[in-house]
Amino acid sequence: MDSIAILDYGSQYTQLIARRVREMQVYCELFAWDTPRQRVEALRPIGYILSGGPSSVYEPDAPSLPDYVLESGVPILGICYGMQLLTHTLGGRVAPSGKREYGHAEITTLHPNPLLPEGNLKVWMSHGDRIEQTPPGFSVLASSPNSPIAAFGNAATRYYGVQFHPEVHHTPRGKEILQRFVFDICAAHPEWTPESIINQSVERIRAQVGKERVLAGVSGGVDSSVAAALVHRAVGSQLTAVFVDNGLLRLGEREQVESAFRKHLGAQLIIADAAQEFLDALAGITEPEKKRRIIGATFIRIFEEQARVLGNPPFLVQGTIYPDVVESSAPERSKAARIKTHHNVGGLPEDLSFQLVEPLRYLFKDEVRIVGETLGLPAELVWRQPFPGPGLAVRCLGEVNLERLERLRLADAIFTSELAQAGFLPHSRDESEQTSAQAFAVLLPVQSVGVMGDQRTYHEVVALRAVVSQDFMTADWCRLPHDLLARVASRIVNEVQGVNRVVYDITSKPPATIEWE
Ligand code: XMP
């Protein structure tokens with residue numbers, strides 16, 4: 001399969017480059033720029049893209065352009081720092097600039113060339129240093145008032161560079177520029193289709209597990225479901241999926257998982273009925289991190305019990321996706337501080353004696369969804385919004401008990417079904433590309449006075465949270481129509497016993513987080 005290698009120099013946009021290339025159905029992989037040569041060459045890339053990055057080529061330990069990339073003889077596209085590296089390495093001149101150019105700019109294509117469309121192009125700039133002289137053999141392809149050499153190229157070597165970021169949405173024709181590089185300059189064939197992804201994964205899984213038995217923990221989330229579905233496609237009845245019903249699920253969630261796996265896929269699914277155990281363990285606990293730890297530990301105990309009953313299959317499916325893999329090996333990007341104990345909840349400790357099967361290791365989230373649909377998983381499962389491992393426990397502020405959970409579950413179902421009906425939850429590829437949305441209800445440990453009929457009430461408060469976000473690292477509150485909010489509020493106070501007030505959360509992240517705990 002034709003593949004492109006992307007060398008990561010630490011730009012916050014590097015993953016976006018990879019997603020853009022994958023969207024063209026061309027396989028690509030991200031490598032930290034100093035990855036051992038053999039690992040990169042194993043991909044047999046037909047082109048290289050050098051990402052942007054925060055460094056300056058003049059810094060003492062500045063990341064460099066590995067020799068093997070130039071020796072390979074295949075086309076290269078340098079983006080931002082990548083372009084400066086090409087310049088510096090091939091004998092041009094990069095000038096340190098005191099001033100960063102950041103934001104929208106307009107460039108003009110100077111003459112017809114394979115990389116850039118003609119005319120004026122709106123682009124997104126984010127760079128410090130700038131190119132003062134092209135390397136020998138290169139011509140200037142485009143300029144802007146601030147960047148006289150905004151793009152350059154050498155048709156003979158097929159090396160190109162752009163000072164701006166074609167991978168971001170703020171460069172409206174950026175996709176076309178990347179397409180020109182991938183299809184016209186590298187002559188790639190679009191072979192990375194859902195079918196080929198599935199076939200490749202199936203082969204890999206079969207080669208790994210042979211005739212052995214495999215265990216999968218499914219949570220109802222997209223990743224664990226698609227991972228299990230892929231393994232099921234590969235090894236059928238060798239797979240047993242285990243779903244722990246922790247009693248902290250949304251309305252109808254257990255039934256959805258049951259129907260997806262048993263009816264749609266015909267897979268073996270064991271449901272561990274553990275709601276009471278979780279509730280007992282959570283009794284009296286109100287501190288968010290404590291809730292998380294208790295839920296994590298209880299989950300592990302129950303999952304281990306199930307594995308034992310099944311005779312401890314040697315393989316375990318894990319829904320690790322590509323962004324998790326590349327983030328852990330990315331250069332220089334600051335690793336986010338731990339605000340909440342996230343990923344070890346609903347996960348398993350690393351010292352379990354399973355061998356891991358990770359069929360999504362090379363897939364981005366949107367690819368996971370498309371593969372899921374192609375495998376026949378129902379759309380409502382594949383397109384569902386993210387749901388935290390500790391479930392409703394971190395949305396039921398204060399004490400978690402059955403009565404309050406029921407209240408929250410119902411309020412949440414009213415809110416999300418109204419949103420879905422009004423078209424505010426993502427359910428197709430196009431929408432999710434722009435923004436993902438997450439919306440849910442939160443039950444507050446606060447009572448307020450109300451009046452119903454002629455009666456005074458003293459009941460709990462439900463907060464509604466709806467956010468739009470690209471990556472869930474930052475988020476903005478969703479400007480929902482007032483009529484919709486009014487309908488939801490009135491339905492909740494009328495239909496949910498014990499709630500007499502509804503408020504809407506209008507904080508962004510930061511400074512708030514998406515979840516309340
Ligand atoms: P926050 O609240 O940190 O959430 O802004 C960011 C995203 O992560 C989800 N989230 C979790 N996911 N286990 C998970 O698997 C957790 O403990 C957890 N806490 C928050 C949250 O729903 C949002 O999508």
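Residues numbered from 1 in each chain as written. Predicted model: local features only at pLDDT ≥ 70, side-chain atom pairs only at ≥ 80, totals over all residues. Heavy atoms only, no water.

**A few points about the sheet that holds strand 3 (residues 47-50)**
For clarity, the cut-off: At least two bridges found by DSSP between two strands are what make those strands a pair. To qualify as a helix, a DSSP run of H or I must reach at least 4 residues; to qualify as a strand, a run of E must reach at least 2; elements of each kind are numbered from the N terminus. Note on geometry: axes are C-alpha line fits, over the in-contact stretch for helices, and angles between N-to-C directions span 0 to 180 degrees.
With mixed pairing, 9 strands are arranged side by side in an open sheet as 2-1-3-4-11-10-9-6-7. Single-partner strands in this sheet number two, and they are strand 2 (27-32) and strand 7 (120-127). For this sheet, the mean angle separating the axes of adjacent strands, direction not counted, is 25°. With 3 bridges connecting them, strand 9 (residues 139-143) and strand 10 (residues 151-154) associate as antiparallel partners.

**Concerning the pairing of strand 1 (residues 3-8)**
Note the cut-off: Note on exposure labels: buried denotes an accessible area under 20% of the residue type's maximum, exposed denotes more than 50%, and partly exposed covers the range between, all computed with a 1.4 Å probe on protein chains only. Throughout, right-handed denotes a crossover for which the path from the first strand over the helix to the second runs clockwise when the strands point away from the viewer.
Across the 6 residues that make up strand 1, a large majority, 6, are buried. Residues Ser3, Ala5 and Leu7 point to one face of strand 1 and Ile4, Ile6 and Asp8 to the other, with burial holding for every one of them. Where strand 1 lies against strand 2, 6 bridges are found, and the strand directions are parallel. Looking at the pairing, Leu7 lines up with Phe31 of strand 2. In terms of handedness, the path from strand 1 via helix 1 (residues 14-23) over to strand 2 forms a crossover that is right-handed. Pairing of strand 1 with strand 3 involves 4 bridges; the strand directions are parallel. The partner of Ile4 across the bridge, within strand 3, is Gly47.

**Some details on helix 10 (residues 288-309)**
Short version of the rule: Take the residue count of a helix, subtract one, and multiply by 1.5 Å to get its expected span. Residue contacts are defined here by distance: any two heavy atoms, one from each residue, within 4.5 Å place the two residues in contact.
If you check helix 10, its first and last C-alpha atoms are 32 Å apart, about what 22 residues at 1.5 Å a residue would give, namely 32 Å. Tucked inside the fold, the buried residues of helix 10 contact strand 12 (214-218), strand 13 (239-245), strand 14 (268-273), helix 9 (275-282) and strand 15 (315-317). Remark: Gly311 follows helix 10 within two positions and exhibits a positive phi of approximately 80°.

**A word on the packing of aromatic side chains**
Definition in use: Here the aromatic set is Phe, Tyr and Trp, taking the six-membered ring for Trp, and pairing holds for ring centres within 6.5 Å; pairs whose planes are under 30 degrees apart are stacked, those over 60 apart are edge-to-face, and all others are tilted. We call a charge positioned over a ring when the NZ of a Lys or the CZ of an Arg lies within 6 Å of the ring centre and within 35 degrees of the ring normal.
Under the counting rule described, the total for this entry stands at 10 aromatic pairs. Plain terms: the ring middles of Tyr48 and Tyr68 are 6.3 Å apart, the flat faces sit at 65° to each other, and that makes the pair edge-to-face. Here the residue Tyr48 occupies a position in strand 3, and Tyr68 occupies one in helix 3 (residues 67-71), the gap between them amounting to 20 residues. Across this residue pair, the class does not change: Tyr48 and Tyr68 are buried. Each residue in the set Tyr9, Trp33 and Tyr81 is aromatic and connected to the rest through ring pairs, giving one cluster. Taking the ring centre of Tyr322 as reference, the NZ or CZ of Arg22 above it sits at 5.1 Å. Between Arg395 and the ring centre of Phe440, over which it is positioned, the NZ or CZ distance is 3.7 Å.

**Details of the state of the cysteines**
The cut-off we apply is this: Two cysteine sulfur atoms make up a disulfide if the distance between them is within 2.5 Å.
Taken as a whole and assessed by the stated rule, the structure comprises 0 disulfides. Cys186 forms no disulfide, and the closest cysteine sulfur to it belongs to Cys28, at a distance of 11 Å.

**Some details on the pattern of salt bridges**
This is how it is decided: The salt bridge criterion pairs a side-chain nitrogen of Lys or Arg with a carboxyl oxygen of Asp or Glu, the two atoms within 4 Å.
Within the structure shown, the criterion is met by 28 salt bridges. Residues Arg173 and Glu176 are paired through a salt bridge, measuring 3.0 Å at the closest nitrogen-oxygen approach. Judged by its relative accessible area of 36%, Arg173 is partly exposed. The shortest N-O distance in the salt bridge between Asp476 and Arg479 comes to 3.2 Å.

**Details of the domain arrangement of the chain**
The condition is simple: Here the bounds of each domain stem from an automatic or database domain assignment. Two parts placed together each lose some accessible area; with a 1.4 Å probe, that loss summed over both constitutes the buried area. Each polar contact in these results corresponds to two N or O atoms within 3.5 Å; when the atoms are within protein, one needs to be able to donate a hydrogen and the other to accept it, and residues that are neighboring in sequence are counted only if both atoms are side-chain atoms. Basically, the charged four are Asp, Glu, Lys and Arg, the nonpolar ten are Ala, Val, Leu, Ile, Met, Phe, Trp, Tyr, Cys and Pro, and anything else, Gly included, counts as polar.
Taken domain by domain, the chain comprises domain 1 (3-185), domain 2 (194-382) and domain 3 (395-504). Between domain 2 and domain 3, the residue contacts involve 14 residues of the former and 13 residues of the latter. Both sides together, the interface formed by domain 2 and domain 3 hides about 1100 Å², and carbon and sulfur atoms give 63% of it. Among the residues of domain 2 in contact with domain 3, Leu251, Leu279 and Lys291 are the three that bury the most area, contributing 36% of the side total. The tally of links between domain 2 and domain 3 comes to 0 salt bridges. Here domain 2 is connected to domain 3 by 5 residue pairs in polar contact (both at pLDDT 80 or more). For the side of domain 2 that touches domain 3, the per-class residue count stands at 9 nonpolar, 3 polar and 2 charged.

**Some points on the packing of helix 6 (residues 194-209) against helix 7 (residues 222-235)**
Put simply, the rule is: Geometric relationships in this document are graded by angle, where less than 35 degrees denotes roughly parallel, more than 145 denotes roughly antiparallel, 65 to 115 denotes roughly perpendicular, and other angles denote oblique. Crossing handedness is read from the near helix: turned anticlockwise from the far helix by less than a right angle, it gives a left-handed crossing, and turned clockwise, a right-handed one.
Orientation of helix 6 relative to helix 7, taken along the N-to-C sense of each, is 70°, at an axis distance of 9 Å. Overall, the two elements helix 6 and helix 7 adopt an arrangement that is roughly perpendicular. In this structure, helix 6 crosses over helix 7, and the sense of that crossing is right-handed. For the pair helix 6 and helix 7, contact is made by Ile198, Ser201, Val202, Ile205, Arg206 and Val209 and by Leu230, Val231, Arg233, Ala234 and Val235, respectively. Taken together, the residues that form the contact of helix 6 with helix 7 break down as 8 nonpolar, 1 polar and 2 charged.

**Observations regarding helix 6**
Between its first and last C-alpha, helix 6 extends 22 Å over 16 residues, near the 22 Å set by a 1.5 Å rise per residue. Buried within helix 6 we find Pro194, Ser196, Ile197, Ile198, Ser201, Val202, Ile205 and Val209. Where the residues of helix 6 are buried, they touch strand 12, helix 7, strand 15, strand 16 (355-357) and helix 12 (365-374).

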